[in-house]
Amino acid sequence: MINSIGLNRSGSVWSGDGKQCRNEQKSKKEAVCMKRSCVADVLANDSSKVLVKGWVHNINCVGKIAFVHLRDRTGIIQIVADESMVRDLRLEMSIEVTGNRVVNGKAPSGVEIHAEAVRILGTVYYDMLPFGINRKRINASLDTQLDHRTVSLRPARSRAIFRVQQEIEEAFRSYFREHGFTQIHTPKIISSATEGGSEMFTVDFFGRRAFLAQSPQFYKQMMVGAGFERVFEIGHAYRAELHNTWRHLSEYVSMDVEMGFIESYEDLMDIEEGYINYLFRHLKSACAAELEMFGVSLPDSVEIPRLPLAEAQRIVLEKYGRRSPLSGLDAEGEKLFSEYMKNEYGTDFVFLTKYPASKRPMYTMPDPENPELTQSFDLIYKGLEITTGSQRIHDYEMLKSNMEKFGLDPENFRFYLDSFRYGMPPHGGFAIGLERITMKLLDLDNIREATLFPRDIKRLEP
RNA sequence: GGCCCGGUAGUUCAGUCGGUUAGAACGCUAGCCUGUCACGCUAGAGGCCGAGGGUUCGAGUCCCUUCCGGGUCGCCA
């Protein structure tokens, strides 16, 4: 049943001739008493009269009959109303609608609401939306979308990325807790560089020079030594590097792991491989709809090949004629090598091991067979490095002399080094870039899509 | 930061050899249309061509500077 009701700017309901009429008063009263239903519930559950709240996703008038698509966090439903009832609606207003739930094959989702009353809850103040968001894809550049983040996140597809990201984090937390790890939070304002120093943000800390942590490295190692044995942290890391690429952020979420009493760095790869398998199982049940939205199907189990970096470099050179830098593979090399692994072994993942000592931080354990190399690894996923890890040096004297070998003054790392004087066990760890794994899992083109408010060399707002 | 490419309507883009009043699609506004779902039809509004300087009778178009964006390298998750 469709009534002729107009709306004034303040959002109250009036009849067409300006007199508030009894029926509408009644339905407004009902709206106040009724409990709000989410769109997904209305679609799923059989109930005659409903109250829904959400945003105006689309308005489409055919003669005197109006089709308004209302979007809330759970979905989109079609509202059918008289054209006069929705005359004052504009896209993206927040509204509430009371009406009758009707099963109708002609409705996009099979169910629609025949409106009795429409009320504006939150009006809009724009001449023009910055870009359309009610089509299959947003037709605006990523940069434009990021400038208007509260608009670009509105389509379900945009928000689905962060639902998946939440579950990646959730799986990380539950997997490592199940394996005896303790979640920690370490300081982000720190006094010294962990691995270099040039790429850190400086902070004025009450007149002293401080830095934003580029990694929780020192502190997570110290917590292994402090008796936790196994720790993990999910927190921001900061990099002041002067690059602007699809895979870099100045502020990103690092999922860090550090594990004591290991036999070798193989233990670290074992546990990370376990996490990847756990994660995929978790996502398949927790995010089935989101994965489908992105056309992603995950394997039931993943076995990750491990091979030395030098071997990968040789393959990239021999198969693709591309020379690699000493430090590893460049972006193109990582892509080519991932292609090779996909074709030869049918896997999206590969552990590259034994990076050269000169290209790894001073705390990395050298390879006993070749001191030029290290007990280290990267995890490459779909052509992108998503993890760096290694066994660490746990002997005080060895660590101290390695610092000197790297041209660093051990005095500058006193607080870190001192913690190695009290029986530090053999240990190691790794970190997974949360936005990177999210991006690759959903086959996104740019890491900024997997970040609510990305920070990069050019972007400090919003 | 180095190198390469770009910046034209709200958005995404076209714009020939430097030459009249700068175009399209979507979006927006008004009107018509009772089952739309990329609705349809008619009309309309919307531009300091990123900014600044230069060459020229004349610059969206050529040159310089600068800002912004895309790619890439070193580095990294």
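In this convention, every chain numbers its residues from 1, walking through the sequence in written order. Following the order in which they are written, the chains are lettered starting with A and the ligands numbered starting with 1. Reporting of local features is limited, given that this is a predicted model, to residues whose pLDDT is at least 70; pairs of side-chain atoms are given and counted only at 80 or more, and all residues count toward the totals for whole chains, interfaces and linings. Excluding hydrogens and water, the side-chain figures rest on all heavy atoms present in the structure.

A. Molecular detail of the overall build of chain A. Runs of E in the DSSP output that reach at least two residues are strands. Runs of H or I that reach at least four are helices, and both are numbered from the N terminus. Within chain A, the secondary structure is distributed over 13 helices and 21 strands. Along the longest, intermediate and shortest principal axes, the C-alpha atoms of chain A span 90 × 55 × 40 Å. Taken over 462 residues, chain A has a buried fraction of 51%. Using the Shrake-Rupley algorithm and a 1.4 Å probe, accessible areas are obtained, with residue cover drawn only from the displayed protein chains. Here chain A has roughly 22500 Å² of accessible surface; of this, 49% comes from carbon and sulfur atoms. Charge counting follows a simple rule: Lys and Arg are positive, Asp and Glu are negative, and His as well as the terminal groups are ignored. Where a charge lies is defined by one atom per residue type, namely NZ (Lys), CZ (Arg), CG (Asp) and CD (Glu). Charge centroids of chain A, computed over 59 positive and 64 negative side chains, lie 8 Å from each other. Classification of residues uses two cut-offs on accessible area relative to the type maximum, computed with a 1.4 Å probe and protein chains only: under 20% is buried, over 50% is exposed, and between them is partly exposed.

B. Main features of the environment of aspartate 367. Structurally, the position occupied by aspartate 367 is in strand β17 (residues 366–367). Sequence separation between aspartate 367 and serine 264 is 103 residues; the distance between their C-alpha atoms is 11 Å. What makes two residues a contact is simply this: any of their non-hydrogen atoms within 4.5 Å. Sequence-distant contacts of aspartate 367, that is, excluding residues within four places in its chain, are made with Lys354, Leu373, Thr374 and Gln375.

C. Inspection of unusual backbone geometry at higher detail. In this model, glutamate 229 sits at a positive phi of 65°, which is unusual for a non-glycine residue. As for its position among the elements, glutamate 229 is in the loop between α6 (217–228) and β13 (230–238). Here aspartate 443, not a glycine, exhibits a phi torsion of approximately 55°, which is positive. By secondary structure assignment, the location of aspartate 443 is in the segment after α13 (434–441).

D. Fine view of the sheet that holds strand β12 (residues 208–212). For two strands to be treated as a pair, DSSP must find no fewer than two bridges joining them. Pairing in this open sheet of three strands is antiparallel, and the strands run β10-β12-β11 from one edge to the other. The two strands at the open ends of the sheet, each matched to only one other strand, are β10 (189–190) and β11 (202–205). The pairing of β10 with β12 spans two bridges and is antiparallel. Opposite isoleucine 190, over in β12, you have phenylalanine 211 as the bridge partner.

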